[in-house]
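Breakdown of the fold
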Number of protein chains: 2
Amino acid sequence: MKTEIQKYFETLQDNICRALEKTDGKGKFHQDIWTHHSGGGGRTRILMHGDVIEKGGVNFSATSGILSQNMAQRMNVEPVGYFATGVSLVIHANNPFVPTIHMNVRYFELENGKYWFGGGIDLTPMYVIPEDGIRFHTGLKTICDKYNPEYYPKYKKWADEYFYLPHRKEMRGIGGIFFDYVAEDEQTTKQNIFDFVQDVGDFFAPFYTETMNLRKNTPYTQKHKDFQLWRRGRYVEFNLIYDRGTLFGLDNQGRSESILMSLPYEVRWLYDYQPEPDTEEAFTLSYLQPKDWINLSQTLKQ
Amino acid sequence: MKTEIQKYFETLQDNICRALEKTDGKGKFHQDIWTHHSGGGGRTRILMHGDVIEKGGVNFSATSGILSQNMAQRMNVEPVGYFATGVSLVIHANNPFVPTIHMNVRYFELENGKYWFGGGIDLTPMYVIPEDGIRFHTGLKTICDKYNPEYYPKYKKWADEYFYLPHRKEMRGIGGIFFDYVAEDEQTTKQNIFDFVQDVGDFFAPFYTETMNLRKNTPYTQKHKDFQLWRRGRYVEFNLIYDRGTLFGLDNQGRSESILMSLPYEVRWLYDYQPEPDTEEAFTLSYLQPKDWINLSQTLKQ
């Protein structure tokens, strides 16, 4: 099954890159093939300065080795041989109304037979557009509900907690779903979980290309661009201070340019910026807290 | 002595801000007074968009409280009451030939009577100019040698190891000195160490204002500006991933805007940028490794 899973992730990367290039219309992915010091390797694909995408990275990797003491301790397992494969992507757009998005789907296997799936997808609008958030969360809930009615509430909450900057007391965006250490149990088979992970992976391209098309022509001014550059600072703070994937990768002597492709092209740090009350900037910040996006949809419809 | 030390740090902040404003000629420090949740507080002073300084912060603080379990563990002491005071500064300039600089001088005291001084000063040129590095290290060595011939080699090495990005295999700049947990012993008194810390604190303003004056009118092109923005990305990576002061401050629920004032205004992340061989950019990168700056001076003179 390991081969099948790896094959799916490789194809997923191909499909996503093709869909993004087509929708962008101008940008092309540049590919770097790399090998990991302890075994395996990956394909890093970066698109810079497209028509819609300013900087986007879609990584596939399949690596193996022996868990370091650090890693084993963090995972609460013995330092045995491992195999890890997955796709990880982050897209930053030119237009401040096109949200930043991140997705990661991964499979981890130890030589003692233990395995698990993990992953997540979360949306980071520079300006929150409630319709996009509702479409995003409704789409994710539909996928989750197909497998287990407990998935969406559980994984949505996990994302709310994970994509959070304690020092800012705010989420980096409007969340999504996050899951880890998912393996077969009395209620589900390995194939079933793999199907779920595939549905999550396959959700990305149609959702995001639709969003690109919806928002890429929204007119914006320098004020919007300034706010986007400031919002990106929070994205960098999250990734470098808290993101486990980033810190794990750097710690594990991964290829730093592949890991840090998640950082935006241009970023700004102001000092103590606070938006004026009742502005679209203040509106966005008020949405960077856990929200019930499914019922928000009903509230907005009324 | 605690009061005297705190008073010195307050005056140091005043003197530094006055000297920087005078040399900048345009920028003025904006002050925010804040209180810490567990006791004490500070004065954060920020200068934005000056003639020479793009973004600079000079913080004074004197806080007290009970050490958290985390902090106590890290310091290898019991979780007792503490008092901490110091000055911390980071200056980022407009002109890519004016280096970024950081200094921190601090005093820590536990209610059980234990105390120590710590601090450091390091230079991060966007473009390495050997003369500036030599002047910087020679000045620091002169101060160190006044107190103990072992200080400079020891504290210089500590800075080389501390201001290092393992995932980039490079230093964030050209080092300087770094010291911590310095207290009286058979060879030195508390007053002696305090004198040393004052000499380090007093070194900053004359050194940096001279450097500002020397380099502020160096002509530069877009290529130099681009390289500066890219170099700043490494500064951000260091501060958010490795800098103990930053992580300690955020972890201890410090005022995040005061802690993160160290981040530059504008920053860029490219993908896998490598300078061409034999360019001034490649020259700079070759200097981001531990160097013997004192003997470098003799090498360059020959």
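Every value quoted in this text rests on a predicted model; they were computed, and no experiment measured them.

The next point concerns the side chain of Asp243 of chain B. Residue and element names in this part refer to chain B. With respect to the helices and strands, the residue Asp243 is situated in the loop between helix H6 (222-242) and helix H7 (244-251). Buried and without a salt bridge, Asp243 has Arg172 as its closest oppositely charged side chain, separated by 5.4 Å. A polar atom in the side chain of Asp243 sits 2.7 Å from the side chain of Tyr162. Filtering out sequence-adjacent residues up to four positions away, Asp243 remains in contact with Tyr162 and Phe238.

Right, let's talk about empty space enclosed by the protein for a bit. Per the stated rule, a full pass over the model turns up four cavities of 30 Å³ or more. Roughly 70 Å³ of volume is contained in the largest cavity. If you trace the largest cavity, you find it lined by Lys55, Glu257, Leu260 and Met261 of chain A together with Arg168, Trp230, Gly233, Arg234, Glu237, Arg268, Trp269 and Leu270 of chain B. If you tally residues by element for the lining of the largest cavity, the top one is H6 of chain B, at four residues. In terms of residue class, the lining of the largest cavity is built from five nonpolar, one polar and six charged. In this structure, the second largest cavity spans a volume of roughly 50 Å³. Forming the boundary of the second largest cavity are Arg168, Trp230, Gly233, Arg234, Glu237, Arg268, Trp269 and Leu270 of chain A together with Glu257 of chain B. Here the residues of the lining of the second largest cavity are counted per class, giving three nonpolar, one polar and five charged.

This paragraph deals with the interface of chain B and chain A. Between chain B and chain A, the contact holds 28 residues from the first and 28 residues from the second. Both faces considered, chain B and chain A share a buried interface measuring about 2800 Å² in area, 57% of it formed by carbon and sulfur atoms. Summed over the shared surface of chain B and chain A, the number is 21 residue pairs in polar contact (both at pLDDT 80 or more). Looking at the side of chain B that touches chain A, the elements with two or more residues in it are strand E1 (30-35), strand E2 (40-48), H6, H7, helix H8 (256-259) and strand E10 (266-268) of chain B. Residues belonging to the side of chain B that touches chain A are distributed by class as follows: 14 nonpolar, four polar and 10 charged. As paired elements, strand E10 (residues 266-268) of chain A and E10 of chain B share three bridges and run antiparallel to each other. Looking at E10 of chain B, one finds that Val267 of chain A is bridged to Val267 of chain B.

In the structure shown here, the tally under the stated rule is 68 aromatic pairs over all chains. With centroids separated by 5.6 Å and ring planes inclined at 15°, the aromatic side chains of Phe204 of chain A and Tyr208 of chain A adopt a geometry described as stacked. In this pair, Phe204 of chain A and Tyr208 of chain A are both assigned in helix H5 (residues 190-215), four residues apart and thus about one turn of the helix distant. Comparing Phe204 of chain A with Tyr208 of chain A shows no difference in burial state: the two are buried. Seen from their ring centres, Phe108 of chain B and Trp116 of chain B are 5.0 Å apart, and the 15° between their planes marks the pair as stacked. The two residues Phe108 of chain B and Trp116 of chain B agree in class, both being buried.

Scanning the model with the defined rule gives 44 salt bridges over all chains in all. Between Glu170 of chain B and Arg234 of chain B there is a salt bridge; the shortest N-O distance is 2.8 Å. Of this pair, Glu170 of chain B sits in strand E8 (residues 170-171) while Arg234 of chain B is found in helix H6, placing the two residues 64 residues apart along the sequence. We note that Glu170 of chain B, like Arg234 of chain B, is buried. Sharing partners across several salt bridges, the network here consists of Glu10, Asp14, Arg43 and Arg45 of chain A.

Laying chain B over chain A is done by rotating through 180° and shifting 0.0 Å along the axis; what remains is an RMSD of 0.0 Å. Expressed as a symmetry operation, the mapping of one chain copy onto the other fits a two-fold axis. A share of 100% of interface residues in chain B that are also interface residues in chain A marks the association as one of identical surfaces.

Backbone hydrogen bonds are what pair the strands of a sheet, in a parallel or an antiparallel way. Residues and elements named next belong to chain B. Reading across from one edge, E1-E2-E3-E4-E5-E6-E9 is the order of the seven strands in this open sheet, with antiparallel pairing throughout. Strands with a single pairing partner mark the edges of an open sheet, and in this sheet they are E1 and strand E9 (176-182). Direction aside, neighbouring strands of the sheet carry axes that sit 10° apart on average.

Before going further, it helps to spend a moment on the environment of Met75 of chain B. Checked against the element boundaries, Met75 of chain B lands in helix H2 (residues 69-75). Between the C-alpha atom of Met75 of chain B and that of Tyr181 of chain B, which follows or precedes it by 106 residues, the distance is 9.4 Å.

Counting 63 residues, the largest nonpolar core has Phe196 and Phe204 of chain B as its most contacted members. Counting residues per element, this core draws most heavily on helix H5 (residues 190-215) of chain B, which supplies 11 residues. In this structure, Phe196 of chain B is in contact with Ile143, Cys144, Tyr147, Tyr151, Tyr155, Ile177 and Phe179 of chain B, ignoring residues within four places of it in sequence. Residues Phe83, Tyr151, Phe203 and Phe204 of chain A belong to the second largest nonpolar core, which totals 57 residues.

Rules of the game
- Residues numbered from 1 in each chain as written.
- Chains lettered and ligands numbered in written order.
- Predicted model: local features only at pLDDT ≥ 70, side-chain atom pairs only at ≥ 80, totals over all residues.
- Heavy atoms only, no water.
- Helix = DSSP H or I, 4+ residues; strand = E, 2+ residues; numbered from the N terminus.
- Buried < 20%, exposed > 50% of the residue type's maximum accessible area, 1.4 Å probe, protein only.
- Lys, Arg positive; Asp, Glu negative; His and termini not counted.
- Salt bridge = Lys/Arg side-chain N within 4 Å of Asp/Glu carboxyl O.
- Polar contact = N/O pair within 3.5 Å; in protein donor to acceptor, adjacent residues only side chain to side chain.
- Contact = heavy atoms within 4.5 Å.
- 1 Å grid on protein atoms, 1.4 Å probe; cavity = no way out; pocket = protein on both sides within 12 Å on 5 of 7 lines; lining within 4 Å.
- Points joined across faces, edges and corners; volume = space filled by probe spheres on them.
- Nonpolar A, V, L, I, M, F, W, Y, C, P; charged D, E, K, R; others polar.
- Buried area = accessible area lost by both parts, 1.4 Å probe.
- Pairing = 2+ DSSP bridges.
- Phe/Tyr/Trp six-rings, centres within 6.5 Å; stacked < 30°, edge-to-face > 60°.
- Least-squares fit on C-alpha atoms with pLDDT ≥ 70 in both.
- Axes fitted to C-alpha atoms, helices over the stretch in contact; angles between N-to-C directions.
- Core = buried A, V, L, I, M, F, W, Y, C linked by side-chain atoms within 4.5 Å.

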